[in-house]
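Geometric and topological summary
Each chain, written out:
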Amino acid sequence: MEKIRVVLYGVGTMGSRTAKFLLEKEGVEIVGAIDIAKDKVGKDLGEVLQLGKRLGVVVTNNCKKIFSKACCDLVVHSTSSYLKDVYPQIAPIAEYGINVISTCEELAYPFATEPELAKKLDVLGMKNGVTFLGAGINPGFLMDTLAIMLTGLCQKVDKITVERVMNAGTRRVPFQEKIGAGLSVKEFKEKIEEKAITGHVGLEQSIGMIAAALCWELDKIVVEPVNPIIASKNVASDAIKVKKGGVAGLRQQARGIKKYKDVITLDFQAYIGAKEEYDSIRIDGAPPINQKITPCVHGDLATVAIIVNAIPRLINAAPGLVTIKDLPVLSAAVEDMRKYVYSFAKPYK
Ligand SMILES: NC(=O)c1ccc[n+]([C@@H]2O[C@H](COP(=O)([O-])OP(=O)(O)OC[C@H]3O[C@@H](n4cnc5c(N)ncnc54)[C@H](OP(=O)(O)O)[C@@H]3O)[C@@H](O)[C@H]2O)c1
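Residues numbered from 1 in each chain as written. Predicted model: local features only at pLDDT ≥ 70, side-chain atom pairs only at ≥ 80, totals over all residues. Heavy atoms only, no water.

1. Some words on the sheet that holds strand β1 (residues 4-9)
With parallel pairing, the 7 strands of this open sheet are ordered in space as β3-β2-β1-β4-β5-β6-β16. The sheet is open, and its two borders are formed by β3 (59-60) and β16 (320-322), each paired with just one other strand. Across 4 bridges, the pairing between strand β4 (residues 74-77) and strand β5 (residues 99-102) is parallel. Note that in β5 the partner of L74 across the bridge is N99. (Pairing = 2+ DSSP bridges. Helix = DSSP H or I, 4+ residues; strand = E, 2+ residues; numbered from the N terminus.)

2. Brief notes about the site of the ligand
In the neighbourhood of the ligand, 24 residues make up the surrounding shell, with M14, S81, T103, E105 and R172 lying closest. Interatomic distance of 3.4 Å between a backbone N/O atom of I36 and a nitrogen atom of the ligand. Considering the ligand on its own, with 930 Å² of exposed area, one finds that the protein chains cover 78% of that surface. Of the residues in the shell around the ligand, the class split is 7 nonpolar, 12 polar and 5 charged. (Near = heavy atom within 4 Å. Polar contact = N/O pair within 3.5 Å; in protein donor to acceptor, adjacent residues only side chain to side chain. Areas by Shrake-Rupley, 256 points an atom, 1.4 Å probe, with all protein chains shown as cover. Nonpolar A, V, L, I, M, F, W, Y, C, P; charged D, E, K, R; others polar.)

3. Side note on helix α1 (residues 13-24)
When the terminal C-alpha atoms of α1 are compared, their 17 Å separation across 12 residues agrees well with the 16 Å that a helix rising 1.5 Å per residue should span. Taken together, the buried positions of α1 are M14, G15, S16, T18, A19 and L22. Where the residues of α1 are buried, they touch β1, β2 (28-34), β4, α11 (299-309) and α12 (311-316). (Expected span 1.5 Å × (residues − 1). Buried < 20%, exposed > 50% of the residue type's maximum accessible area, 1.4 Å probe, protein only. Contact = heavy atoms within 4.5 Å.)

4. Side note on helix α6 (residues 115-128)
Taking 1.5 Å of rise per residue, the 14 residues of α6 would be expected to cover 20 Å, and the 20 Å separating its terminal C-alpha atoms lies within 8% of that figure. Of the positions making up α6, those classed as buried are L117, A118, L121, D122, L124 and G125. An end-on view of α6 places all buried positions within 165° of arc, on one side of the element. Turned more than 90 degrees away from the buried face of α6, the exposed residues are E116, K119 and K127. The positive-phi residue at the C-terminal boundary of α6 is G129, with phi of around 70°. (Arc of directions from axis to C-beta.)

5. Considering the packing of helix α4 (residues 83-90) against α6
The description of two helices packed together rests on the angle between their axes and the distance between the axes. The geometry of α4 relative to α6 is characterised by a closest axis approach of 11 Å and an angle of 20° between their N-to-C directions. Comparing their axes, α6 and α4 come out roughly parallel. In this structure, the crossing between α4 and α6 has a hand that is left-handed. Residues L83, K84, Y87 and I90 of α4 form the contact with α6, whose own contacting residues are L117, K120, L121 and L124. (Axes fitted to C-alpha atoms, helices over the stretch in contact; angles between N-to-C directions. Parallel < 35°, antiparallel > 145°, perpendicular 65-115°, else oblique. Left-handed = near helix turned anticlockwise from the far one by under 90°.)

6. Points about the side chain of R171
Of note, R171 is situated in the loop between β7 (156-167) and α8 (173-178). Taking the relative accessible area as the measure of exposure, R171 reaches 7% and is therefore buried. Of the polar contacts made by the side chain of R171, one reaches the side chain of T170; its length is 2.4 Å. Not counting residues up to four positions away in its chain, the partners in contact with R171 are R164, M166, Q176, E277, C296, V297, H298, G299 and D300.

Encoded structure:
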């Protein structure tokens, strides 16, 4: 089997890290790169990744130049969180017979907020024999897929409570900025109102995905307003200093309500200086389940891992729009990537 051929669409923080990880792996090659950033277009990908060597792949902003019928097996896409922005970028790719995996948060479970675009992607995928998948750590795994898997151990599920608490100081700078770290409370509130800060995108998608897996018909999903977390003392990351009384990060909560009861609650906290970092899932049911991962999983590293580990699943998946819960259980693709393509599609020899 030829190497799995990948085009990167978006060579920012996640795209660059994914590229570097792909370069370490056997059985896969990067054959193209797309980005609109002026400091990247026209440069060799090796230069953009600061590898000190050329890779022979020039970053372009012209998708038409890159794509031709089956020029690659899949596109790894990471440009934006919202499907309205992402749809015009990824939809045309289907016509070239190419699969797409994207870090777009809304694509992880697009039926929650963008059912029409989800339907259109599904139809496009089926018509062209390709698969669209939104993937990442959150949404996409820690606050949804993992909880779904744990319910597989239950005879009865009454309520699912998921918490993710992370020290944003150890995460990428765009993430720290996205959660408002370093702002005053007034600036934070203004930026939330202007939508210059969106906070974490994905709680609605995670609740939707869990409910869909359990075939729960929810009355509604309530996403609470984003609240700033105020620093109780001076705290700092390498990039951002927060004075006592300033905004260290944010807290977001959401609830899935069924028959007037909260049956799914999600609590996301990300701030510089968080003392205890953890991911926890509690299932009230039979048997009850309490799972805690401490410290919490490093989101950036794990997102890159999930994107790359999901590549064989994406290639093997049925055409259309799928979500991560619809694919075989994810595992690390630590060997030659091609082995995993065979192992699901037909017996590996
Ligand atoms: N689901 C998850 O768990 C998860 C995890 C991590 C990240 N994400 C999401 O993934 C997305 C990417 O994250 P990131 O940290 O890599 O962001 P980033 O550093 O801002 O990188 C995005 C890159 O895409 C480029 N770009 C934007 N629009 C484009 C377009 N239309 N065509 C081509 N390139 C375009 C940007 O160029 P400019 O800088 O010029 O705009 C930038 O170089 C974000 O929305 C992030 O929230 C999701």
